[in-house]
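Tertiary structure, described
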Amino acid sequence: MKKIALTAGIKDNQLFTNRALVDVIAKNGFLPIVLAPVSLKAMPEPLTDFDGLILSDGDDITPIFYNEEPLPELKVTDPHRDQYEINLIKASHEAGLPILGIGRGMQILNVAFGGSLFQDIYGQNSGAGIQHVQASNLSLPAHHVNVTPESQLAQVIGNHPYVNSLHHQAIKKVADNFNIVATAPDGIIESIESSDGLMQGIQWRPEELSSDESQAKIFTSFFNKIK
Ligand code: MN
């Protein structure tokens, strides 16, 4: 059985990740392997004994990883998780594995390759004028995104999907080996793809939009890349 690794965070000494992502992996016939981030002191060489990597959602990313001091609006971060995931992303990429970043997962993917983030969308970007921290349940869509027609994503989900949104951080500078392939109506970056086609980031949470069948295709197209 092929294995998909899924990242997790630690809060109050408990491991947490997105159950809907675990279910999506299993439903598509793969074994979900949940990876616990280890402390910086105990940091081992990251192993890539799996066939694909999904980076889950979670807390803010520590701005030291993109050479910024923390702004007052920054929320909880875990530098141990951030460093572990950056190491894991680099090792997985070197091993030629497909990588899908969801929510925070897209942001850490961007940071791992030298990109930066808005620590707080609304405090740092006067153009951001729509709700990215939706008040409604995540099973409901909140805003549209405009997808680049020639992208992989457009083939999967079309040019103008209606998506959910639960993020107060967003990509500021895109890492060199990625292209922006979707933006919200206020210009906030909602999806990136690597030039080699193996890495994709999605700012929204497709696993929670179970009433929209097209969202599930984001995962099936990712799984189709696994050899
Ligand atoms: Mn959004």
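Residues numbered from 1 in each chain as written. Predicted model: local features only at pLDDT ≥ 70, side-chain atom pairs only at ≥ 80, totals over all residues. Heavy atoms only, no water.

When helices and strands are tallied, the chain shows six helices and 14 strands. Taken over the C-alpha trace, the chain has a radius of gyration of 16 Å; the compact-globule value for 227 residues is 17 Å, and the two agree within 12%. In the chain, which comprises 227 residues, the proportion classed as buried is 51%. Nonlocal contacts in the chain, meaning residues at least 24 apart in sequence, comprise 68% of its contacts between residues at least 6 apart. Put simply, the chain has 16 plus and 26 minus side-chain charges, and the middle of one group is 5 Å from the middle of the other. (Helix = DSSP H or I, 4+ residues; strand = E, 2+ residues; numbered from the N terminus. Rg over C-alpha atoms; globule rule 2.2 N^0.38 Å. Buried < 20%, exposed > 50% of the residue type's maximum accessible area, 1.4 Å probe, protein only. Contact = heavy atoms within 4.5 Å. Lys, Arg positive; Asp, Glu negative; His and termini not counted. Charge placed at Lys NZ, Arg CZ, Asp CG, Glu CD.)

Let us now look at the coordination of the manganese ion. At this site the manganese ion is bound by H132 (ND1), H143 (NE2), S165 (OG), H167 (NE2) and E190 (OE), with donor distances of 2.2 to 2.4 Å. Counting residues between consecutive donors of the manganese ion along the chain gives the motif H-x10-H-x21-S-x1-H-x22-E. With H143 in strand β8 (residues 143-144) and E190 in strand β13 (residues 189-194), the pair connects residues that are 47 residues apart, well separated along the chain. Each member of the pair H143 and E190 is classed as buried. (Donors = N, O, S within 2.8 Å, 3.2 Å for Na, K, Ca; no water.)

Judged by which residues are buried, strand β6 (residues 99-102) turns out to be covered on both faces: I99 and G101 on one side and L100 and I102 on the other are all buried. Two strands pair when backbone bridges link them, and strand β5 (residues 52-55) and β6 are joined in this way by three bridges, in the parallel orientation. Looking at β6, one finds that L55 is bridged to G101. Between the parallel elements β5 and β6, the chain passes through helix α2 (residues 79-94) in a crossover that is right-handed. Where β6 lies against strand β14 (residues 199-202), four bridges are found, and the strand directions are parallel. Bridge pairing in β14 links G101 to G201. (Pairing = 2+ DSSP bridges. Right-handed = clockwise from strand over helix to strand, strands pointing away.)

On inspection of all chains with the given rule, the structure shows three aromatic pairs. On the basis of an interplanar angle of 25 degrees and a centroid distance of 4.8 Å, the ring pair of F30 and F223 is categorised as stacked. With F30 in the loop between α1 (19-27) and β4 (31-35) and F223 in helix α6 (residues 213-223), this residue pair connects regions lying 193 residues apart in the sequence. Across the pair, F223 and F30 agree in class, each one buried. Ring centres of F113 and F178 lie 5.7 Å apart, and the angle between their planes is 65 degrees; on these two criteria the pair is classed as edge-to-face. (Phe/Tyr/Trp six-rings, centres within 6.5 Å; stacked < 30°, edge-to-face > 60°.)

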